[in-house]
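Next come the chains, spelled out residue by residue.
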Amino acid sequence: MGQTLIISKNYLLIKNLINSKKISDNIANLYISDNANTTMNVLDNKEIDKIFLDRTMLREYRKNFLIKYKRQITIIEVQEIENKIKIRNLNINDLTMEQSSVERIQEKIIIELKCIGFDFKYDGTKYLVDTILEVYLNREKMIDNLQGYIYPFIAKRYNKTVNNIKNNVINATEYMYRDNSIEKLKKYFRFIEDSKPTVKQVVQLVASKI
C-alpha cells in the first residue's frame, strides 16, 4: 500500500483501522491528521498512496478536494454492532454529491448573515454559520440547547472549548446589533420595538429562510 494517511479525530477509529487488514499489509509509512491544515501539509510533502477519511470530518474538506484525491480516498465510518467496532467503507461518489449540497446550503447561510449585517472578520460569525448548518441538517437536535447539542460538535471541529464557541457566537451577534440600524433589524426580525436579537432567534430565522 505504500504511504497511507488517516484523517480522523476519533482515536477508536484510528486504532481499529491500524489493527485491521485494511492497512496492516504492505504499509511503508503511516501519517495521521486531525485537521485540514495538517492534511494538506502531508499531501504537499509526501507521495500518499491511500487516504482513509473519517466521514465525520467530511465537512472540513471541499468538494474539489474529494474530486482531486478520489483515487486515493476511502471514506470510512465506525459502526458499533453487538459491542464490536466495525469500519465501513462508503461510496465516495454519493458523498461528493452530498458535500455539494451542503456547500450550497452553507453559501446561502453566509449570504443571509451578510444581509443581516454580520461581520465575517469575527470567529464567532464563522461558528454561527456552522451552528445554523448543523441545526438545518439535523432537525432532531434541540435548538433550545445549542450548548448541549451543537456547540460541542463545532468545538471538536475547531479544537476549541464549548464556552469559546458560545462566547464568540454571542460576541459576533452583539457586534452585529451594535453596527446595524434599529430599523433594519426591526424589519428583518419583525420586531415591533428596538430589541437585540438572541443567537437562538438568529439561528431559527436564518435556518427557516434556507
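Report follows, based on the coordinates.

Each value, and the rule that gives it
- Sequence positions are assigned chain by chain, starting from 1 and proceeding in written order.
- Note on the predicted model: pLDDT of at least 70 is required for a residue's local features to be given, and 80 or more for side-chain atom pairs to be given and counted; whole-chain, interface and lining totals, by contrast, use all residues.
- Heavy atoms from the whole structure form the basis of all side-chain values; hydrogens and water molecules are not counted.
- Two joining distances apply to patches: 9 Å for like charges and 5 Å for nonpolar side chains (Val, Leu, Ile, Met, Phe, Trp, Tyr), and every residue must have over 30% relative accessible area and no salt bridge.
- Computed with the Shrake-Rupley method and a 1.4 Å probe, the accessible areas treat only the protein chains shown as cover for residues.
- Each salt bridge in this description consists of a side-chain nitrogen of Lys or Arg and a carboxyl oxygen of Asp or Glu lying within 4 Å of one another.
- Helix and strand definitions follow DSSP, with helices as H or I runs of at least four residues and strands as E runs of at least two, each counted in order from the N terminus.
- For every residue, the accessible area obtained with a 1.4 Å probe (protein chains only) is divided by the maximum for its type, and the residue is called buried under 20%, exposed over 50%, and partly exposed between those limits.
- DSSP-based pairing: two strands are paired if at least 2 bridges between them are found.
- Only buried residues count toward a nonpolar core. Its members are Ala, Val, Leu, Ile, Met, Phe, Trp, Tyr and Cys residues joined through side-chain atoms within 4.5 Å.
- Two residues qualify as a contact provided that any one of their heavy atoms is within 4.5 Å of a heavy atom in the partner residue.
- The aromatic pairing rule takes the rings of Phe, Tyr and Trp, using the six-membered ring of Trp, and pairs them if the centres are within 6.5 Å, calling planes under 30 degrees apart stacked, those over 60 edge-to-face and the rest tilted.
- Both a distance and an angle decide whether a charge sits over a ring: NZ of Lys or CZ of Arg must be within 6 Å of the ring centre and within 35 degrees of the ring normal.
- Along the arc lie the directions from the helix axis toward the C-beta atoms.
- Here an axis means a line fitted to C-alpha atoms, over the contact stretch when the element is a helix, while the angle between two N-to-C directions is reported on a 0 to 180 degree scale.
- The scheme is simple: roughly parallel for angles under 35 degrees, roughly antiparallel for over 145, roughly perpendicular for 65 to 115, oblique for anything else.
- Each residue gets one of three labels, nonpolar for Ala, Val, Leu, Ile, Met, Phe, Trp, Tyr, Cys and Pro, charged for Asp, Glu, Lys and Arg, and polar for the others, Gly among them.

1. Side note on a nonpolar patch on the surface
A cluster of nonpolar residues, Ile-18, Leu-30 and Ile-32, forms a patch on the protein surface that exposes about 220 Å² of accessible area. Within the element layout of this structure, Ile-18 appears in helix 1 (residues 11-19). Of the residues examined, Ile-18 reaches a relative accessible area of 32% and is grouped as partly exposed.

2. Some details on the pairing of strand 1 (residues 2-7)
The buried fraction of strand 1 is high, at 6 of 6 residues. One ladder, built from 4 bridges, connects strand 1 with strand 3 (residues 50-54); its direction is parallel. Paired with Ile-7 across the bridge in strand 3 is Leu-53.

3. Quick word on the nonpolar core
Ile-109, Leu-113, Ile-116, Leu-128, Ile-132 and Val-206 are the most contacted members of the largest nonpolar core, which totals 29 residues. Those elements that place two or more of their residues in this core are helix 5 (92-116), helix 6 (123-137), helix 8 (151-158), helix 9 (162-179), helix 10 (182-189) and helix 11 (199-209). It is helix 6 that contributes the most residues to this core, 6 residues altogether. The residues touching Val-206, leaving out its near neighbours within four places in the chain, are Ile-109, Glu-112, Leu-113, Ile-116, Ile-132 and Tyr-188. Core analysis: the second largest hydrophobic core is formed by 16 residues, Tyr-31, Val-42, Ile-48 and Ile-73 among them.

4. Quick notes on the packing of aromatic side chains
Considering all chains together, one arrives at 5 aromatic pairs under this definition. On the basis of an interplanar angle of 50° and a centroid distance of 5.2 Å, the ring pair of Phe-65 and Tyr-69 is categorised as tilted. Accessibility classification places Phe-65 together with Tyr-69 in one group, the buried group. Grouped by ring-pair contacts, the aromatic residues Tyr-188, Phe-189 and Phe-191 constitute a single cluster. Stacked on the ring of Phe-120, the Lys or Arg Lys-114 has its end atom at 5.7 Å from the ring centre. Note that Lys-209 overlies the ring of Tyr-188, its terminal NZ or CZ placed 5.1 Å from the centroid.

5. So, helix 10
Looking only at helix 10, the buried set comprises Leu-185, Tyr-188 and Phe-189. For helix 10, the angular spread of the buried residues around the axis is 80°, confining them to a single face. Away from its buried face by more than 90 degrees, helix 10 exposes Glu-183 and Lys-187. Phi for Arg-190, located one or two positions after helix 10, is positive at around 60°.

6. Examining helix 11
Buried residues of helix 11: Val-199, Val-202, Val-203, Val-206 and Ala-207, and no others. Along the axis of helix 11, the buried positions cluster into a sector of 115°, meaning they face one direction only.

7. Notes on the pattern of salt bridges
In the structure shown here, the tally under the stated rule is 3 salt bridges. As a salt-bridge pair, Glu-174 and Lys-196 come within 3.7 Å of each other at their nearest N and O atoms. Remark: Lys-196 occurs in the loop between helix 10 and helix 11 and Glu-174 occurs in helix 9; sequence separation between them is 22 residues. The partly exposed category is assigned to Glu-174, whose relative accessible area is 36%. For Lys-196, a relative accessible area of 41% corresponds to the partly exposed category. Residue Asp-179 is joined to Arg-178 by a salt bridge in which the shortest nitrogen-to-oxygen separation is 3.0 Å. The class of Arg-178 is exposed, set by a relative accessible area of 53%.

8. Some details on the packing of helix 8 against helix 9
Two elements in contact, helix 8 and helix 9, have axes whose closest approach is 8 Å; the angle formed by their N-to-C orientations is 105°. Overall, the two elements helix 8 and helix 9 adopt an arrangement that is roughly perpendicular. When helix 8 is examined against helix 9, the residues Tyr-151, Pro-152, Ile-154 and Ala-155 are found in contact with a partner set consisting of Val-162, Ile-165, Lys-166 and Val-169. Its residues assigned to classes, the contact of helix 8 with helix 9 comprises 7 nonpolar, no polar and 1 charged.

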